[in-house]
Amino acid sequence: MISEIANRIFSQVIADYHKFDNIDQPVENPYDAESLEHLLYIKNWIDTAQWHMEDVVRNPQIDPVEGLSWKRRIDAQNQVRTDMVEFIDGYFLNLYQSISALPDAKINTESPAWAIDRLSILALKIYHMQEEAERESASPEHRELCQTKLNILLSQRDDLSTSIDELLADIEAGKKYMKVYKQMKMYNDPSLNPVLYNKA
């Protein structure tokens, strides 16, 4: 099952990242460059680095100039994340290119890679919520609340994993078909953001 592979790799990536806990740590991807595993590893590393960028920029004592620099870096990282999701969808489009959709086949509300994107973010929420649920310096009330939230996140991961596997099975059987829309983000594009092109 794809979700089982993804969840295992996401946990591996988060553990690998926290060996260094460094946003700028170079990625050492252990998987073959042509494999889905390789793409999933990169995907979650991008998300993990961005998660920690978001932590840094929310420091109330951060210098405004430094904060703006981090905000721009987060914007750039978010574009990298979006591009990676679309690249993974390209993998699935190629994988299923020989599948003929049945006459009554339906399109899903989101593509496989965008569902996997949510699974990647869930892995990070679970890791950090578990940290809070087990943090000895926190109050018992805090740990109990975080454990309740953790249980919900784990249930959510189970449900999303099942949905992803069912979607891929339906695509393979011709019951659903893929139709991928590019995100076409505008704020990073100097030809589409009026603040940028009016300054040019």
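Shown above is the structure to which this text applies.
The structure presented is a predicted model; accordingly, all values stated were derived computationally and were not measured.

Draft legend 1. Inspection of the nonpolar core at higher detail. One finds Phe-10, Leu-40, Ile-88, Phe-92 and Ile-164 to be the most contacted residues of the largest nonpolar core, which totals 43 residues. Ranked by residue count, the leading element in this core is helix α4 (residues 112–133), at eleven residues. Residue contacts for Phe-10: discarding those within four places in its chain leaves Leu-40, Asn-44, Ile-116, Leu-119, Ser-120 and Ala-123.

Draft legend 2. Focus on the packing of aromatic side chains. The final tally for this structure, using the stated rule, is five aromatic pairs. Judged by centre distance (6.2 Å) and plane angle (55 degrees), the ring pair of Tyr-31 and Tyr-41 falls under tilted. Separated by ten residues along the polypeptide, Tyr-31 in the loop between α1 (2–18) and α2 (36–57) and Tyr-41 in helix α2 bring together distant segments of the chain. On the basis of relative accessible area, Tyr-41 is assigned to the buried category, the value being 1%. With centroids separated by 6.3 Å and ring planes inclined at 20 degrees, the aromatic side chains of Tyr-41 and Trp-45 adopt a geometry described as stacked. Here Tyr-41 pairs with Trp-45, and both are found in helix α2, just four residues apart, close to one helical turn. Under the relative-accessibility criterion, Trp-45 is labelled buried at 7%. Feature note: the residues Tyr-17, Tyr-31, Tyr-41 and Trp-45 constitute an aromatic cluster, connected by ring pairs.

Draft legend 3. View of the packing of helix α3 (residues 64–95) against α4. α4 packs onto α3 with a crossing angle of 130 degrees between their chain directions and a minimal axis gap of 8 Å. On the basis of the axis angle, α3 is oblique to α4. Helix-helix and strand crossings are classified by hand; for α3 and α4 the assignment is right-handed. In this structure, α3 contributes Arg-81, Thr-82, Val-85, Ile-88, Asp-89 and Phe-92 to the contact, and α4 contributes Pro-112, Ala-113, Trp-114, Ile-116 and Asp-117. Looking at side-chain class alone, the contact of α3 with α4 contains seven nonpolar, one polar and three charged residues.

Draft legend 4. The arrangement of unusual backbone geometry in detail. Positive phi is not limited to glycine here, since Asp-21 has a value of about 50 degrees. Looking at where Asp-21 falls in the secondary structure, it is placed in the loop between α1 and α2.

Draft legend 5. The arrangement of the side chain of Asp-47 in detail. You can see Asp-47 is positioned in helix α2. Among the polar contacts listed, one links the side chain of Asp-47 to the side chain of Lys-43, at a separation of 2.4 Å. Excluding its chain neighbours within four sequence positions, the residues that come into contact with Asp-47 are Arg-81, Asp-117, Ser-120, Ile-121 and Leu-124.

Calculation rules
- Residues numbered from 1 in each chain as written.
- Predicted model: local features only at pLDDT ≥ 70, side-chain atom pairs only at ≥ 80, totals over all residues.
- Heavy atoms only, no water.
- Core = buried A, V, L, I, M, F, W, Y, C linked by side-chain atoms within 4.5 Å.
- Buried < 20%, exposed > 50% of the residue type's maximum accessible area, 1.4 Å probe, protein only.
- Helix = DSSP H or I, 4+ residues; strand = E, 2+ residues; numbered from the N terminus.
- Contact = heavy atoms within 4.5 Å.
- Phe/Tyr/Trp six-rings, centres within 6.5 Å; stacked < 30°, edge-to-face > 60°.
- Axes fitted to C-alpha atoms, helices over the stretch in contact; angles between N-to-C directions.
- Parallel < 35°, antiparallel > 145°, perpendicular 65-115°, else oblique.
- Left-handed = near helix turned anticlockwise from the far one by under 90°.
- Nonpolar A, V, L, I, M, F, W, Y, C, P; charged D, E, K, R; others polar.
- Polar contact = N/O pair within 3.5 Å; in protein donor to acceptor, adjacent residues only side chain to side chain.

Interpretation in functional terms is not warranted from these geometric data alone.
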